[in-house]
Amino acid sequence: LQAFQTYADSHKKLSVDLIIVKAMKIIGQLLALATFQVIVWETSSLSMPPPGGAGGPPGQQGGPYSYSPPKPGQAPPAGQGPPPPESLKQPGNPSAQDLGGFLKPVPSTASVGPEAVSPPKFEMFPVYPSLETVQGGGTVRTYKIPVWAERVQYYLETEGRPLKASVQLWIGPIRTTHTLKSDVENGAETPYSGTLTFKKNIGPVLKISTSSSYDLPIQCGVYVPNPERSEQLKENTIDVFNNCNNAEKIKIQGGSTTGGGGAVRYWKIPASVKSVQLLSWSRDVGKKSFKLDIEVLQGPNNKRQFYYLQCGGSCQPYHSVIQTPGKGSVIRIQNKKFVEDGLVEVAVVPYEMINEGKDGGDGFLMAAPTQRG
């Protein structure tokens with residue numbers, strides 16, 4: 001009898017524990033349902049709806065997105081109005097998107113306000129219909145340029161990863177007349193565009209290659225302008241180079257007899273300038289080739305973009321566009337050639353302007369360049 005009584009007490013205690021566990025599960029499910037209704041339906045299953053109904057899923061009578069016609073002579077309640085017409089629910093309507101029965105306006109893509117970008121006076125580069133993806137790991141792409149051409153334009157970008165690539169212009173199997181090596185922090189924010197000039201009737205080859213990192217692919221585009229467009233580009237290059245002021249166009253001398261250690265020049269970029277043109281040419285200072293280290297800084301020695309540029313001088317003016325987003329951008333260039341034949345002129349002028357006339361004035365305002373070397 002005592003053993004039976006002990007078994008009955010333990011079984012009773014076990015039943016009470018099971019009831020408590022089941023009750024806790026039910027309470028948890030109710031709390032989860034209430035949280036779901038508050039987040040999705042903006043209602044609560046734990047509160048009584050006001051007269052007229054404010055609970056229930058959207059689209060049903062009494063839901064937060066339902067509409068009850070007001071009585072005659074009475075204005076509709078605040079936050080309510082007639083349902084949208086059926087024409088707005090059509091998929092082809094450009095002013096709204098149908099998201100599960102709810103209409104959400106499509107944000108306008110027009111540039112307004114202080115972020116409006118003024119187009120350049122002369123559009124240097126085309127709109128590439130598509131870009132070729134070049135995988136990382138030292139992948140190489142070559143482009144044979146027609147014999148009649150004397151200019152080629154190229155464009156480099158990424159999908160947000162660093163832009164590490166090399167561009168070379170080859171004439172024959174062993175001679176390169178142009179080399180650009182890029183090391184950019186964000187190739188989507190600061191893509192790169194360049195224009196190369198070379199002699200006619202040589203048919204060079206443009207080579208684009210990636211870095212040794214397999215996880216750093218790039219997108220590139222190559223364009224060969226026709227003779228008429230090439231002449232327009234030539235006239236624009238000459239016009240920009242000849243009309244620079246003393247603050248925009250500066251001579252940079254080479255360094256030691258063994259190369260390197262040349263002069264350093266700075267250009268301070270106003271916040272109103274979205275991108276700049278960089279034009280290097282030794283037409284008036286010896287007609288020699290040049291080698292430059294080009295850095296775009298934001299903050300003390302914070303290199304956001306780095307380019308190594310080697311190019312011919314007399315017949316090969318190099319014209320490119322460098323992006324300078326944000327405030328506090330400074331372009332620093334160092335000459336890497338010899339002191340005997342390393343003199344070159346570099347011009348940095350605005351290309352695209354942001355909110356022109358409100359921040360920085362109507363000209364390319366620039367602090368006096370700091371000179372060293």
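To be clear, the structure that these remarks concern was listed above.
The text that follows walks through the structure, step by step, so that each part is easy to find. Because the structure is a prediction, the values reported are computed rather than measured. (Residues numbered from 1 in each chain as written. Predicted model: local features only at pLDDT ≥ 70, side-chain atom pairs only at ≥ 80, totals over all residues. Heavy atoms only, no water.)

**So, helix α2 (residues 227-242)**
Consideration 1: With 16 residues, α2 extends 23 Å from end C-alpha to end C-alpha; this agrees with the ideal 22 Å at 1.5 Å per step.
Consideration 2: What α2 keeps buried is the set R229, S230, L233, N236, T237, V240 and F241. Viewed end-on, α2 has its buried residues packed into an arc of 125°, placing them on one side of the element. Exposed residues pointing more than 90 degrees away from the buried face of α2 are listed as P227 and E228.
Consideration 3: Tucked into the core, α2 has its buried residues touching β6 (151-157), β11 (218-223), β12 (249-252), β14 (273-281), β17 (318-323) and β19 (344-354). (Helix = DSSP H or I, 4+ residues; strand = E, 2+ residues; numbered from the N terminus. Expected span 1.5 Å × (residues − 1). Buried < 20%, exposed > 50% of the residue type's maximum accessible area, 1.4 Å probe, protein only. Arc of directions from axis to C-beta. Contact = heavy atoms within 4.5 Å.)

**A closer look at the side chain of S166**
Consideration 1: Relative to the elements of secondary structure, S166 occurs in strand β7 (residues 163-171).
Consideration 2: Leave out the neighbours within four places in its chain, and S166 touches L180, K181, K207, I208 and S209.

**Let's talk about unusual backbone geometry**
Consideration 1: Despite not being glycine, N201 has its phi angle at roughly 60°, a positive value.
Consideration 2: When you line up the elements, N201 lands in the loop between β9 (192-197) and β10 (205-210).
Consideration 3: At K287, a residue that is not glycine, the phi angle is positive and equals roughly 55°.
Consideration 4: Tracing the backbone shows K287 in the loop between β14 and β15 (290-298).

**Comments concerning the side chain of S329**
Consideration 1: One can find S329 in strand β18 (residues 329-335).
Consideration 2: One polar contact links S329 to Q298, side chain to side chain, over a distance of 3.3 Å.
Consideration 3: Sequence-distant contacts of S329, defined by excluding residues within four places in its chain, comprise W267, K268, I269, L297, Q298 and T324. (Polar contact = N/O pair within 3.5 Å; in protein donor to acceptor, adjacent residues only side chain to side chain.)

**Re the sheet that holds β10**
Consideration 1: Pairing in this open sheet of 8 strands is antiparallel, and the strands run β5-β10-β7-β8-β16-β15-β18-β13 from one edge to the other. Among the strands making up the open sheet, the edge pair consists of β5 (140-144) and β13 (264-268). Strand-to-strand, the axes of this sheet are offset by a mean angle of 15°, without reference to chain direction.
Consideration 2: One ladder, built from 5 bridges, connects β5 with β10; its direction is antiparallel. Paired with Y143 across the strands is L206, a residue of β10. (Pairing = 2+ DSSP bridges. Axes fitted to C-alpha atoms, helices over the stretch in contact; angles between N-to-C directions.)

**Section: the pattern of salt bridges**
Consideration 1: Enumeration according to the criterion identifies 9 salt bridges in this entry.
Consideration 2: E185 is the partner of R304 in a salt bridge, and the nearest nitrogen-oxygen pair spans 3.0 Å. Pair noted here: R304 is in strand β16 (residues 303-311) and E185 is in the loop between β8 (175-184) and β9, with a separation of 119 residues, a long-range link.
Consideration 3: The exposure class of E185 is partly exposed, given its relative accessible area of 42%. (Salt bridge = Lys/Arg side-chain N within 4 Å of Asp/Glu carboxyl O.)

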